[in-house]
Amino acid sequence: MKGRTFMELHTIVDQLKKSIQSEHIKINEPLKKYTYTKTGGNADIYIMPTSYTEVQAALNIARQNDIPVTFLGNGSNIIIRDGGIRGIVISLLNLTKIRVHGHSITASSGAAIIDVSRIARDHHLTGLEFACGIPGSVGGAVFMNAGAYGGEIKDVIDHALVINHEGEIISLDNQALELDYRTSIIQKEHFVVLEASFKLAPGDIQSIQSQMDILTERRESKQPLEYPSCGSVFRRPPGHFAGKLIQDAQLQGHTIGGVQVSEKHAGFIVNVNEGTATDYENMIAHIQETVYKNSGIALETEVRIIGEPL
């Protein structure tokens, strides 16, 4: 850990072990194991809490030792730089409980939003069909107000439990979450999502399944799911589509290092040959520069890029 000795690092780990099982704490852990791009450097300390109280305990220890904390979902819309992440990385993927109560579903942060959509279907609840192909976790979906095919998290979320700056667990309703296109109060204030509750409506299971089948077919036919990628890389510019702008700039199929602008969908950058996070960043910069020269439109990234360069 930059600025800390080996002994200090293990002292912090010993403190964490008082609240978290030792098998859920890893030192110098390769983060490429946990990202959809299969890239990224190491985390100084990587922990996988199994309860909300363990998350709070880890945050308290980090605060007492002045250690930075990074939260990681399932790594589907993120690029972690090749130098890795200093401090503590907390994975919430062990928090997977999903509960159905009436026309609502409450899911913990680490649950897959796809699984929540399927459970909604199985309970004859409509509203989450759009999420049947979104690869992220519930926490990640709330963090960025994930959406697809005309639906967004803000359309169905009732409230979320989050940890605030003081380490307290508080509830934020739909309005307080400030959900907008790929953003939320969670991003702005660096809150931590523990769980989210979705308010749905009764529906016909055949109709729900039919809609999910249609959306799944559209996704599989248009997206390069056969390669590692970080999903849609760029935000949709007003009045345009990022993929079309990239295609018009004749970048489809362009390769830098081990990554390539997908030949199937130009809005995706795929890892075709052991690409690195640096390859991804270089490709993103090249796309932005070329598209701007070609169209005058500045593409903004939707994917999160975190960590340190080599």
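Summarised in this report is the structure supplied together with it. Given the structure is predicted, the values throughout are model-derived calculations rather than measurements.

Cut-offs used in this document
Residues numbered from 1 in each chain as written. Predicted model: local features only at pLDDT ≥ 70, side-chain atom pairs only at ≥ 80, totals over all residues. Heavy atoms only, no water. Buried < 20%, exposed > 50% of the residue type's maximum accessible area, 1.4 Å probe, protein only. Helix = DSSP H or I, 4+ residues; strand = E, 2+ residues; numbered from the N terminus. Pairing = 2+ DSSP bridges. Expected span 1.5 Å × (residues − 1). Arc of directions from axis to C-beta. Contact = heavy atoms within 4.5 Å. Salt bridge = Lys/Arg side-chain N within 4 Å of Asp/Glu carboxyl O. Axes fitted to C-alpha atoms, helices over the stretch in contact; angles between N-to-C directions.

**Let's talk about the pairing of strand S18 (residues 268–271)**
Successive residues of a regular strand alternate their side chains across the two faces of the sheet. Side-chain alternation along S18 places Phe268 and Val270 on one buried face and Ile269 and Asn271 on a second face that is also buried. In terms of strand pairing, strand S15 (residues 229–232) meets S18 through two bridges, oriented antiparallel. What sits directly across from Ser229, in S18, is Val270.

**Quick notes on the sheet that holds S15**
The strand order across the open sheet formed by four strands is S15-S18-S17-S16, and the pairing between neighbours is antiparallel. This sheet does not close on itself; its edge strands, each paired only once, are S15 and strand S16 (255–256). Taken together, the three bridges between strand S17 (residues 259–261) and S18 define a ladder with antiparallel strand orientation. Looking at the pairing, Gln260 lines up with Val270 of S18.

**Quick notes on helix H8 (residues 277–295)**
Here H8 is 19 residues long and its end C-alpha atoms lie 27 Å apart, about the 27 Å a rise of 1.5 Å per residue gives. If you check which residues of H8 are buried, you get Ala277, Asp279, Tyr280, Met283, Ile284, Ile287 and Val291. An end-on view of H8 places all buried positions within 145 degrees of arc, on one side of the element. With its phi angle positive at about 80 degrees, Gly296 sits one or two positions after the end of H8.

**Here we look at the side chain of Ser137**
With respect to the element layout, Ser137 can be found in the loop between strand S8 (125–126) and helix H4 (138–143). In this structure, Ser137 is in contact with Gly73, Asn74, Ser109, Gly110, Ala111, Ala112 and Ile113, ignoring residues within four places of it in sequence.

**As for the pattern of salt bridges**
Following the criterion strictly, the structure yields 15 salt bridges and no others. Residue Lys33 pairs with Glu29 through a salt bridge whose shortest N-O separation is 2.8 Å. Relative accessible area serves as the criterion here: at 7%, Glu29 is assigned to the buried category. For Arg182, the salt bridge goes to Glu302, with nearest N and O atoms at 3.7 Å. Of this pair, Arg182 sits in the loop between strand S12 (169–173) and helix H5 (185–189) while Glu302 sits in the loop between H8 and strand S19 (304–306), and the two are 120 residues apart along the sequence. Assigned by exposure class, Arg182 and Glu302 land together as buried. Each member of the salt-bridge network shares a partner with another, and the members are Glu152, Lys154, Asp155, Arg182 and Glu302.

**Things to note about the sheet that holds strand S13 (residues 192–199)**
Sheet strands pair by backbone hydrogen bonding; their relative direction is either parallel or antiparallel. Strand order across the open sheet formed by five strands is S6-S7-S13-S11-S12, with antiparallel pairing between neighbours. Whereas interior strands pair on both sides, the edge strands pair on one side only; in this sheet they are strand S6 (98–101) and S12. Neighbouring strand axes in the sheet, compared pairwise and without regard to direction, differ in orientation by 20 degrees on average. As defined by bridge partners, strand S11 (residues 157–163) adjoins S13 across six bridges and the pair is classed as antiparallel. Note on S13: the bridge partner recorded for His159 is Ser197.

**A closer look at unusual backbone geometry**
Within the chain, Asn28 stands out as a residue other than glycine whose phi angle is a positive 55 degrees. Assignment of secondary structure puts Asn28 in strand S1 (residues 25–30). In this structure, Lys38 takes a positive phi of about 60 degrees despite not being glycine. Judged by relative accessible area, Lys38 falls into the partly exposed class, the value being 48%.

**Brief notes about the environment of Ala148**
Along the polypeptide, Ala148 turns up in strand S9 (residues 147–148). The class for Ala148 is buried, based on a relative accessible area of 19%. Separated by 17 residues in the primary sequence, Ala148 and Ala131 have C-alpha atoms spaced 6.8 Å apart. Those residues within four positions of Ala148 in sequence are excluded, and the remaining contacts are Phe130 and Ile134.

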